[in-house]
Amino acid sequence: MGKVLLEKYELLERVGVGGMAEVYRARLLSAHGLSKVVAIKRILPYHCEDRNFVQMFLDEAKIALALNHACVGQIYELNEEDGVYFLAMEYIDGPNLSVVIKRLRKAGLRIPVDMVLYVMTQVCAALYAAHTQVDDEGHHMHIIHRDVSPHNVMVGRSGPVKLIDFGIAKAKDRLVQTAAGTVRGKLLYMSPEQAASRKLDHRTDLFSAGMLLLTLVNGQHIWRGLDEVEVLLSIRNWSVPRISELRPDLDEPTTADIQRVLERSMAFDQEERYPDAEAFRADLIKVVARINPVLSGIEVGEFVGRVMDGHLDNRTMDTVSLRTHRVASNL
């Protein structure tokens, strides 16, 4: 039996660790022998004396506890034991997209485009929920995720897609605010205004979501292998690449649809982007409906399961791609 927190959370195994916290798969113990698998995110012990780190952790909890949406990883409880704060969270039985991308890239494969678009509709739904969240008094919270990237999108084996980790999110009433001129987040997915430390609004997340879409369609980040200076120069001189050049295997209608979505979500000028994540999502839904109207989250989860179990090869991928192409040809 693993360590037990507050006599109700049994830690089973550590499944991840970052610069700020560690994550465990755990069991919530209850009366009559009933239990539920949860995730425990616990601040690393050597950060517990750092008031800024602790407050950042509490800020994340405050933002995440306010959000209640099927596409956002849920927080059940914030608590503390022996001076160490932890979150009890929804356990998602599946990998983040970074893991999926890396495994497929090693095999020379990509996530099928219909599944990519479906995943992005769920990410956009999560972003819209966060961007429009209000507090208990009905005041807009002005939440901006600021770190929409493959590491922060989980895909469960049963199909759910969840946006997680609001650890660096910006909210109106957040106690710990980023100092002026400080850049936080993953550089590869930053909007031009975020990389330049300019004032942000929710549309920075739309750019990042567009970059995530581009990465998934391409099978790897377009700037993979560049150093930080080269990436910053690329962001400063940003223009959307031609999908027809990155994916010559796709049919022209699909290429054109994806190009249009990327041009609008990733416009250099914020004013030229989608007004909100719901408008972004609506365009994605139209493309999914044309390419594969019968696609479900269950299929996406099963695909991810095959990737994680090592049961995916070129023949399997070709079958998925051919199925998608046949559906599109019949519309």
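The structure displayed is predicted, hence computed values, not measured ones.

Student: Which residues make up the pattern of salt bridges, and what values do they have?
Tutor: Inspection of every chain in the model, using the stated rule, returns 19 salt bridges. Close ionic contact of Arg-290 with Asp-257 constitutes a salt bridge, the shortest N to O distance being 3.0 Å. Of this pair, Arg-290 sits in helix H9 (residues 277–291) while Asp-257 is found in helix H8 (residues 252–265), placing the two residues 33 residues apart along the sequence. The exposure class assigned to Arg-290 is partly exposed, which follows from its relative accessible area of 22%. Glu-278 is the partner of Arg-281 in a salt bridge, and the nearest nitrogen-oxygen pair spans 3.1 Å. Taken together, the positions of Arg-281 and Glu-278, both in helix H9 and 3 residues apart, correspond to about one turn of that helix. Here the salt bridges do not stand alone but share partners, grouping Arg-14, Glu-22 and Arg-42 into one network.

Student: An account of the layout of surface pockets is needed here, citing residue identities and associated values.
Tutor: Each pocket or cavity is described by its volume, and for the largest pocket that value is around 1,100 Å³. Around the largest pocket, the lining is made up of 40 residues, and of these Val-23, Lys-41, His-151, Ile-164 and Asp-165 lie nearest the centre. For the lining of the largest pocket, the secondary structure elements donating two or more residues are strand E2 (9–17), strand E3 (21–29), strand E4 (35–43), helix H1 (51–66) and strand E6 (84–90). In terms of residues, the lining of the largest pocket owes the most to one element, H1, which gives 4 residues. Residues of the lining of the largest pocket, tallied by class, amount to 21 nonpolar, 11 polar and 8 charged.

Student: With reference to specific residues and values, describe helix H2 (residues 97–106).
Tutor: When H2 is considered as a whole, its buried residues turn out to be Leu-97, Ser-98, Val-100, Ile-101 and Leu-104. Each buried residue of H2 sits inside an arc of 160° when the element is viewed along its axis, so together they form one side. Capping the start of H2, Asn-96 holds a side-chain oxygen 2.9 Å from the backbone nitrogen of Ser-98, two or three residues further along.

Student: I'd like a rundown of the sheet that holds E6, residues and numbers included.
Tutor: One open sheet accounts for 6 strands, arranged E1-E2-E3-E4-E6-E5; its pairing is antiparallel. Each edge of the sheet is formed by a strand with only one pairing partner; in this case those strands are strand E1 (4–5) and strand E5 (75–81). The pairing of E5 with E6 spans 6 bridges and is classified as antiparallel. Its bridge partner being in E6, Glu-81 is matched across the sheet by Val-84. Of the strands in this sheet, E3, E4, E5 and E6 are in contact with H1, which crosses E6 at around 25°.

Student: How would you explain helix H5 (residues 203–218) if you had to name every residue and give the values?
Tutor: Compared with the 22 Å implied by 1.5 Å per residue over 16 residues, the 23 Å span of H5 between its first and last C-alpha is a close match. Burial within H5 is extensive, with 16 of its 16 residues counted as buried. Looking one or two places after H5, you find Gly-219, whose phi comes out positive at around 95°.

Student: Help me get a handle on the side chain of His-221, residues and values and all.
Tutor: Mapped onto the elements of the fold, His-221 is located in the loop between H5 and helix H6 (228–236). Within the structure, the side chain of His-221 is placed 2.9 Å from the backbone nitrogen of Trp-223, a separation counted as a polar contact. Leave out the neighbours within four places in its chain, and His-221 touches Leu-188, Tyr-189, Met-211 and Thr-215.

Student: Can you explain the side chain of His-47? Please cite residues and give values.
Tutor: With respect to the helices and strands, the residue His-47 is situated in the loop between E4 and H1. Overall, His-47 belongs to the buried group, its relative accessible area being 11%. Beyond its immediate stretch of four places on either side in the chain, His-47 contacts Gly-19, Met-20, Phe-53 and Val-54.

Student: Talk me through the nonpolar core; I want residue IDs and the actual numbers.
Tutor: Among the nonpolar cores identified, the biggest contains 68 residues, and Ile-111, Leu-117 and Leu-213 are the most heavily contacted of them. Broken down by element, the residue count for this core peaks at 13 residues, all from helix H3 (residues 113–131). Not counting residues up to four positions away in its chain, the partners in contact with Leu-117 are Leu-213, Ile-258, Leu-284, Val-287, Val-288 and Ile-291. Membership of the second largest hydrophobic core comes to 14 residues, among which are Met-20, Ile-43, Met-56 and Ala-64.

Student: Requested: an account of the pairing of E6, with residues and values cited.
Tutor: Most of E6 is tucked away, with 6 of its 7 residues classed as buried. Note: E4 against E6, 5 bridges, orientation antiparallel. Considered in E6, the bridge of Val-38 is made with Glu-90.

Here is what the cut-offs are and how they apply
- Residues numbered from 1 in each chain as written.
- Predicted model: local features only at pLDDT ≥ 70, side-chain atom pairs only at ≥ 80, totals over all residues.
- Heavy atoms only, no water.
- Salt bridge = Lys/Arg side-chain N within 4 Å of Asp/Glu carboxyl O.
- Helix = DSSP H or I, 4+ residues; strand = E, 2+ residues; numbered from the N terminus.
- Buried < 20%, exposed > 50% of the residue type's maximum accessible area, 1.4 Å probe, protein only.
- 1 Å grid on protein atoms, 1.4 Å probe; cavity = no way out; pocket = protein on both sides within 12 Å on 5 of 7 lines; lining within 4 Å.
- Points joined across faces, edges and corners; volume = space filled by probe spheres on them.
- Nonpolar A, V, L, I, M, F, W, Y, C, P; charged D, E, K, R; others polar.
- Arc of directions from axis to C-beta.
- Polar contact = N/O pair within 3.5 Å; in protein donor to acceptor, adjacent residues only side chain to side chain.
- Pairing = 2+ DSSP bridges.
- Contact = heavy atoms within 4.5 Å.
- Axes fitted to C-alpha atoms, helices over the stretch in contact; angles between N-to-C directions.
- Expected span 1.5 Å × (residues − 1).
- Core = buried A, V, L, I, M, F, W, Y, C linked by side-chain atoms within 4.5 Å.

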